[in-house]
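Residue strings, one per chain:
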Amino acid sequence: MDSVRGYPLLVVIDPVARSTDGESVRIAKDVLCAGAGAKICLPDGPEEFARILARRGHRRPVVIGDDRALLRVVGLLHKERELAGVPLSMVPVGAPAAVAMSRALGIPTDTVAAARAVLDGGERPMDLLSDDSDGIVLGGLRIPCGSEAARPGHRIEVVPAPSVAPTDPMDAMEGRDGLTGGLDGHRPWWKPAARTARTALALLAAPAAGLGGRRARVPQQRLRIEADGVLLADLDRPVRGVSVVPGGRHRADGPWSGAGDGGQLAEVVVHWPGGGRPVRARARAVTVSGADFHYRADAVVGGPVRTRTWTLQPEAWRLQLPRG
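Residues numbered from 1 in each chain as written. Predicted model: local features only at pLDDT ≥ 70, side-chain atom pairs only at ≥ 80, totals over all residues. Heavy atoms only, no water.

A. Highlighting the overall build of the chain. Summing up its helical and strand segments, the chain has 9 helices and 16 strands in all. Here the chain holds 324 residues, and the buried ones make up 50% of them. For the chain, contacts bridging at least 24 residues in sequence account for 73% of all contacts bridging at least 6. In the structure as shown, the chain presents an accessible area of about 14,300 Å², 50% of it carried by carbon and sulfur atoms. (Helix = DSSP H or I, 4+ residues; strand = E, 2+ residues; numbered from the N terminus. Buried < 20%, exposed > 50% of the residue type's maximum accessible area, 1.4 Å probe, protein only. Contact = heavy atoms within 4.5 Å. Areas by Shrake-Rupley, 256 points an atom, 1.4 Å probe, with all protein chains shown as cover.)

Following this line, the structure appears as structure tokens:
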């Protein structure tokens with residue numbers, strides 16, 4: 001289906017969006033209701049959110065909220081093994097850092113443009129990563145440079161960030177180019193001429209707001225990393241970080257990447273301390289093992305674990321995006 005005009009919608013408005021930006025929620029609701037029959041739902045919490053989604057019938061789900069709201073819907077459908085058969089739409093509402101994944105996936109962050117994409121856009125198949133604990137990753141995975149950085153309340157050393165544009169996703173993760181300035185709302189985080197969709201995905205792995213424009217220095221970590229059985233890093237050499245991005249997504253710096261051009265492989269990058277040349281690979285499965293480590297899957301921190309395997313699931317879900 002390339003347009004939902006005339007088809008019934010289930011518009012689920014996340015409570016966080018209602019409390020943080022009620023005006024954008026109102027605008028999105030007005031645009032959607034003017035173009036299609038819409039049932040508006042205002043869940044008060046996760047349980048009601050799940051109950052509403054389970055009773056959707058033939059209505060197409062539309063999420064108004066931030067990245068966590070989209071992840072909640074995808075996670076619920078994945079748990080019920082219904083994800084592949086339910087096209088999803090989203091109108092991002094939230095602070096720039098809270099909708100970074102949505103922007104990287106190709107969803108407009110302008111409220112009116114996003115709502116119009118719901119009505120007149122087209123479905124796009126999207127890849128995701130699934131792990132051996134039935135977790136999923138839509139936008140990107142990052143393993144921090146040491147599990148201590150992910151533990152609540154742990155003090156980390158911070159140093160001033162240089163005022164240069166990031167040249168790779170790992171630099172963006174550590175707060176260069178004033179990353180945290182985008183988190184506190186004092187200046188725009190997205191500069192199309194300087195950042196690509198991959199960099200936007202890397203922003204999801206940024207440290208929490210409050211570092212005041214400085215980047216965190218965290219310990220190196222020794223990990224064994226395998227991509228489709230090929231060894232990329234071993235325990236004898238510490239790594240600065242690991243990032244994994246699903247293939248088959250819309251990119252801001254180029255055409256749609258899909259099955260026809262190798263998009264059905266995940267992109268794996270291993271970064272070394274001291275600015276050494278990163279190791280890059282494309283693979284269907286990535287296994288990481290070592291001492292207890294945490295990982296950041298989209299906006300959620302997982303772990304500690306000693307080993308975890310992520311496997312690419314090609315075209316596992318469908319997302320409504322603008323045409324072209």
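That covers the picture; the talk isn't over yet.
B. Examining a positive patch on the surface more closely. Together, Lys39, Arg51, Arg55 and Arg59 make up a region of like positive charge exposed at the surface. In this structure, Arg55 sits in the loop between helix H3 (46-54) and strand E3 (60-65). (Patch = residues over 30% accessible without salt bridge, like charges linked within 9 Å, V, L, I, M, F, W, Y side chains within 5 Å. Salt bridge = Lys/Arg side-chain N within 4 Å of Asp/Glu carboxyl O. Lys, Arg positive; Asp, Glu negative; His and termini not counted. Charge placed at Lys NZ, Arg CZ, Asp CG, Glu CD.)

C. Fine view of the pattern of salt bridges. Considering all chains together, one arrives at 13 salt bridges under this definition. Arg56 serves as the salt-bridge partner of Glu82, at 2.8 Å between the closest nitrogen and oxygen. One end of the pair, Glu82, is in the loop between helix H4 (67-79) and strand E4 (89-92); the other, Arg56, is in the loop between H3 and E3, with 26 residues separating them in the sequence. For Glu82, a relative accessible area of 34% puts it in the partly exposed group. For Arg56, a relative accessible area of 12% gives the class buried. Here Asp292 and Arg306 are joined by a salt bridge, their closest N and O atoms 3.0 Å apart. Remark: Arg306 occurs in strand E16 (residues 300-321) and Asp292 occurs in strand E15 (residues 285-297); sequence separation between them is 14 residues. For Asp292, a relative accessible area of 32% corresponds to the partly exposed category. Residue classification places Arg306 among the exposed positions, given a relative accessible area of 61%.

D. Region of interest: helix H6 (residues 111-120). Residues of H6 that are buried include every one of Thr111, Ala114, Ala115, Ala117, Val118 and Leu119, and no others. Along its buried surface, H6 packs onto strand E1 (9-13), helix H2 (22-35), E3, E4 and E16. With a side-chain oxygen positioned 3.3 Å from the backbone nitrogen of Val112, the residue opening H6 is Asp110. (Polar contact = N/O pair within 3.5 Å; in protein donor to acceptor, adjacent residues only side chain to side chain.)

E. Quick look at the environment of Ala316. Tracing the backbone shows Ala316 in strand E16. Among the residues examined, Ala316 registers a relative accessible area of 17% and is labelled buried. As a C-alpha pair, Ala316 and Leu83 span 233 residues in sequence and 7.2 Å in three-dimensional space. Residues contacting Ala316, with those up to four places away along its chain left out, are Leu83, Ala84, Met126, Asp127 and Leu128.

F. Spotlight on the nonpolar core. Of all hydrophobic cores here, the largest spans 29 residues; its most connected members are Val74, Leu88, Leu138 and Trp317. Elements represented by at least two residues in this core include exactly E1, H3, H4, helix H5 (100-105), strand E5 (122-131) and E16. Residues Ala227, Leu232, Val239 and Phe293 belong to the second largest nonpolar core, which totals 26 residues. (Core = buried A, V, L, I, M, F, W, Y, C linked by side-chain atoms within 4.5 Å.)

G. Highlighting the sheet that holds E1. Across the sheet, 4 strands lie side by side as E2-E1-E3-E4; this open sheet has parallel pairing. Two strands in the sheet have a free side with no partner beyond their single neighbour: strand E2 (38-41) and E4. Pairwise comparison of adjacent strand axes, ignoring direction, gives a mean angle of 20 degrees for this sheet. Two elements, E1 and E3, share 5 bridges in a ladder whose sense is parallel. The partner of Leu9 across the bridge, within E3, is Arg60. Packing against the sheet, H4 makes contact with E3 and E4, and its axis sits at approximately 150 degrees to E3. (Pairing = 2+ DSSP bridges. Axes fitted to C-alpha atoms, helices over the stretch in contact; angles between N-to-C directions.)

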